[in-house]
Amino acid sequence: MNIRLLAKRNIQGNAQRYLAYFFSIVLSVSIFFIYASFIFHPDVVHANIPGGQLISRGLIAAEIVIIIFSVFFIAYSNAAFIQPRKKEFGLLTLLGMSKSQLRKLIYLEQTMVSLISILIGVGLGFLFSKLFLMAVSWLLAVEQPISFVIVPEAFVYTIVGFILLFQLLSLLSLFHIGNTEVIDLLKDKQKPKKTPFVSKWLVALSAVCLSISYLLAGTMSLNNSYIRVLPIVFFVLIGTYFLFSQSIVALCSRLYRKKESLYGGTNLITQTNLIFNIKDYSRLFFLTSIITAVILTAAGTLFMFSADLKKQGMDNIPQSIGWVENDASVYSVIEPSAVEKTLKEDGFKILYEVNMTGVPITHMLPHMRTGESNENRSLLISESDYNNAAALRKIEPAKLSGKEALYIFPYGGMDYQFVHKGEQKKLHFGNRTIKVTMIGQRNQSIVAPIKAATTLMVVDDQLYHEITADVPLKEMARVRGYEVKDWEESMETSSEIEQISNNHNQLQTRAPIYQEMKQGSILILFIGLFVSLLFFIVQGSMMYLRVFTNLEDKKIQIHALHRLGLTKKEIRQILSAEIRILFFAPFLIGVIHAIVAYVALSNLLGSNLFVYSAMVIVTYFLFQLLYYQVTKKMYERAVINSIK
């Protein structure tokens, strides 16, 4: 028997414990290799693929996330593997193994597992890289599919990178075990567990931090989102950590003091195990709940944004084809007849058209950041023109009288109030100035928000006619727009219209912008789902490792309980309850965090995303339930089969 053979047999003996860890590393390596194969693909490097550079940047960001996540997971797993084997290491040391030999044994075990997982991961990545390239080719809608080639850089970066990562983390894990005395190794499992201490102040801190983070997220808008993200993340992390390390411990302690609840079925054993293990579980609960929240938030955001993209396109780009003529007396951008002819020839039906004129005006508005008053331009239009266009877009009409005015800001995601009800405002046009009373502001677009018509100022019909009575048509601006049925399919038609126009800057077509955003969002969703899948497998593996870390201790406990009279059915109930808490307690908190994030996202997009968020959560729950069932079956089999 030598150290190399001993390391090999130790791996075989702990195969069940290594299973989830091994699978997670293989998946990480595979995804990293597939992404690297695309990043260093010759067609991407030489910019032969439209949109390839954009995807490449997204994949590089995903690679960085995978590496960072792998560091934490491998470090956690190494500690989880070493902890339950301290008595074994102590016996080997007592039998004459030196500390250097013990370090070598552990190092060889971890190196063998890492090399095997890297090789299998690279092999699987190489096999599936062709499928990945085909999927990306389909998403990019390229004429010629991306060719499958062997990319040497992908092999080098993946193999060398993960080997260095494993070696570094293995050496760090050896430092702790190598400096532990023999007596400490032998008695590590014999140390009695104390009743966990709970601080009321830390419980209160947890509640305060989570309340602040939820309040900040629930009231977040597009204007203040950039300054709220980091505080929200900070308070969520602090609040969640103390929620599991203090608040949950306090709750379990209070339930444990209700003695009548302990005498039903197997509650005494289940709750006793929980109260003494909850402190050990707190770090795992914290990590897995945060990972769950990240997965649900990221996957949900990507899915909801992709699913809600059509509505966002229609909200921000009011008509399929829209343009603004600076001189209302002529059509210098494009002739309406040319637009109608092109649409008709390509088989598109016009649902409605918009044709309104207005007077370009200036007025003072506060700056969004500083609040200082600045001169801004708007298009003054009549109440009738506004209401006619609003009716076509199913928007509530305006109700004005006298010298009242309504300010229209075209971007619904921004809730900044430039004007307030009852505010007096001076409108300047030419050498004239008129004073109006604002009835408020609406953040919605009814016509193409281009140049002079980016923002609108709506006034009563009578006031509008008084103002514009002596204004020549050439000093006014004209806004035209056509809404088209099945506009999503009008890419080529939109391109034709853009080509025959004389000024692209004054013309806006919805289909090309929508298709570009749709393509980009699908690609991001495609990449994000791979990373989310990896995160899910890793967080499940962490739970799996935690369960099988205490396998030997659990076998001893269950064997003793069985001798005292517990049936196998009751033992299964105990094991199921413990694993159920391990899997679904952090899942519940992660879901709550994600729901708050979904509320914030709904506010930012101005949409009701309840259905989409429910679909994401239910899908994740089903995967979590499957992982739970598999782990439970394996754990019950391992424990119950040991009963003689």
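In the block above lies the structure referred to throughout.
The rules we used
Residues numbered from 1 in each chain as written. Predicted model: local features only at pLDDT ≥ 70, side-chain atom pairs only at ≥ 80, totals over all residues. Heavy atoms only, no water. Helix = DSSP H or I, 4+ residues; strand = E, 2+ residues; numbered from the N terminus. Buried < 20%, exposed > 50% of the residue type's maximum accessible area, 1.4 Å probe, protein only. Contact = heavy atoms within 4.5 Å. Areas by Shrake-Rupley, 256 points an atom, 1.4 Å probe, with all protein chains shown as cover. Axes fitted to C-alpha atoms, helices over the stretch in contact; angles between N-to-C directions. Parallel < 35°, antiparallel > 145°, perpendicular 65-115°, else oblique. Left-handed = near helix turned anticlockwise from the far one by under 90°. Core = buried A, V, L, I, M, F, W, Y, C linked by side-chain atoms within 4.5 Å. Phe/Tyr/Trp six-rings, centres within 6.5 Å; stacked < 30°, edge-to-face > 60°. Lys NZ or Arg CZ within 6 Å of the ring centre and 35° of its normal. Patch = residues over 30% accessible without salt bridge, like charges linked within 9 Å, V, L, I, M, F, W, Y side chains within 5 Å. Salt bridge = Lys/Arg side-chain N within 4 Å of Asp/Glu carboxyl O. Lys, Arg positive; Asp, Glu negative; His and termini not counted. Charge placed at Lys NZ, Arg CZ, Asp CG, Glu CD. Pairing = 2+ DSSP bridges. Nonpolar A, V, L, I, M, F, W, Y, C, P; charged D, E, K, R; others polar.

A. Highlighting the overall build of the protein chain. On a plain count of helices and strands, the protein chain comes out with 20 helices and 9 strands. Within the protein chain, the fraction of its 644 residues that count as buried is 50%. Long-range pairs, those at least 24 residues apart, make up 82% of the contacts in the protein chain with a sequence separation of at least 6. Put simply, the protein chain shows about 31,800 Å² of open surface, and 63% of that area lies on carbon and sulfur atoms.

B. Main features of the packing of helix 13 (residues 336–345) against helix 16 (residues 491–500). Where helix 13 contacts helix 16, the axes come no closer than 10 Å and their chain directions differ by 155 degrees. As far as their axial angle goes, helix 16 and helix 13 are roughly antiparallel. In terms of crossing hand, the pair formed by helix 13 and helix 16 is right-handed. Across the interface between the two elements, Ala338, Val339, Thr342 and Leu343 from helix 13 touch Thr493, Glu496, Ile497 and Ile500 from helix 16.

C. Focus on the nonpolar core. In this structure, Tyr21, Tyr35, Phe38, Leu59, Phe548 and Tyr635 are the most contacted members of the largest nonpolar core, which totals 100 residues. For this core, the element with the most residues is helix 19 (residues 568–605), which contributes 16 residues. If we ignore the near neighbours within four places in the chain, the residues touching Tyr35 are Leu59, Ala62, Glu63, Ile66, Phe132, Ile527, Phe530 and Val531.

D. View of unusual backbone geometry. Unusually for a residue other than glycine, Lys394 sits at a positive phi of about 60 degrees. Residue Lys394 is classed as exposed on the basis of its relative accessible area of 80%. For Asp486, which is not glycine, the phi dihedral falls at a positive 55 degrees. Along the chain, Asp486 falls in the loop between strand 8 (477–484) and helix 16.

E. Representation of the packing of aromatic side chains within the structure. Scanning the entire structure with this criterion turns up 26 aromatic pairs. Ring centres of Tyr241 and Phe286 lie 5.5 Å apart, and the angle between their planes is 90 degrees; this geometry places the pair in the edge-to-face category. Of this pair, Tyr241 sits in helix 10 (residues 225–257) while Phe286 is found in helix 11 (residues 267–307), placing the two residues 45 residues apart along the sequence. Overall, the relative accessible area of 36% leaves Tyr241 in the partly exposed class. Ring geometry for Phe583 against Tyr627: centres 6.3 Å apart, planes inclined by 45 degrees, an arrangement best described as tilted. With Phe583 in helix 19 and Tyr627 in helix 20 (residues 610–640), the pair connects residues that are 44 residues apart, well separated along the chain. The class for Phe583 is buried, based on a relative accessible area of 0%. A residue is classified by how much of its surface remains accessible, and Tyr627, at 15% relative accessible area, is buried. Through a chain of ring-to-ring contacts, the aromatic side chains of Phe536, Phe583, Phe584, Phe587, Tyr620, Phe621, Phe623, Tyr627 and Tyr628 assemble into a single cluster. For the cation-ring pair, Arg510 lies above Trp487, with the distance from its terminal atom to the ring centre recorded as 4.7 Å.

F. Structural context of a positive patch on the surface. A contiguous patch of positive charge, built from Lys568, Arg572, Lys633 and Arg637, is present on the exposed surface. Contributing elements (two or more residues each) for the positive patch: helix 19 and helix 20. Along the chain, Lys633 turns up in helix 20. In this structure Lys633 comes out as partly exposed when scored by relative accessible area, which is 46%.

G. Focus on the environment of Asn224. The residue Asn224 is located in the loop between helix 9 (200–218) and helix 10 in this model. The exposure class assigned to Asn224 is buried, which follows from its relative accessible area of 16%. Along the sequence, Asn224 and Tyr416 sit 192 residues apart, while their C-alpha atoms lie 9.4 Å from each other.

H. The pairing of strand 4 (residues 404–409), seen in detail. Counting buried positions along strand 4 yields 5 of 6 residues, so the element is predominantly enclosed. Summarising the sheet, strand 4 and strand 6 (residues 432–443) pair through 6 bridges and their orientation is parallel. Paired with Tyr407 across the two strands is Gln441, which belongs to strand 6. Inspection of the sheet shows strand 4 paired to strand 7 (residues 456–459) by 4 bridges, in the antiparallel sense.

I. Main features of the packing of helix 17 (residues 510–549) against helix 20. Two elements in contact, helix 17 and helix 20, have axes whose closest approach is 11 Å; the angle formed by their N-to-C orientations is 25 degrees. Considering their axes alone, helix 17 and helix 20 lie roughly parallel with respect to each other. Crossing of helix 17 over helix 20 shows right-handed handedness. In contact with Phe536, Ile537, Gln539, Gly540, Ser541, Met543, Tyr544, Val547 and Phe548 of helix 17, helix 20 contributes Tyr620, Phe623, Gln624, Tyr627, Thr631, Met634, Tyr635 and Ala638. Tallied by class, the residues present in the contact of helix 17 with helix 20 amount to 12 nonpolar, 5 polar and no charged.

J. Inspection of the side chain of Thr357 at higher detail. The residue Thr357 is located in strand 2 (residues 350–366) in this model. Judged by its relative accessible area of 18%, Thr357 is buried. If sequence neighbours within four positions are ignored, Thr357 has contacts with Ala328, Leu380, Ile381, Asp385, Tyr464, Met476, Ala477 and Arg478.

Read these as geometric descriptors, not functional statements.
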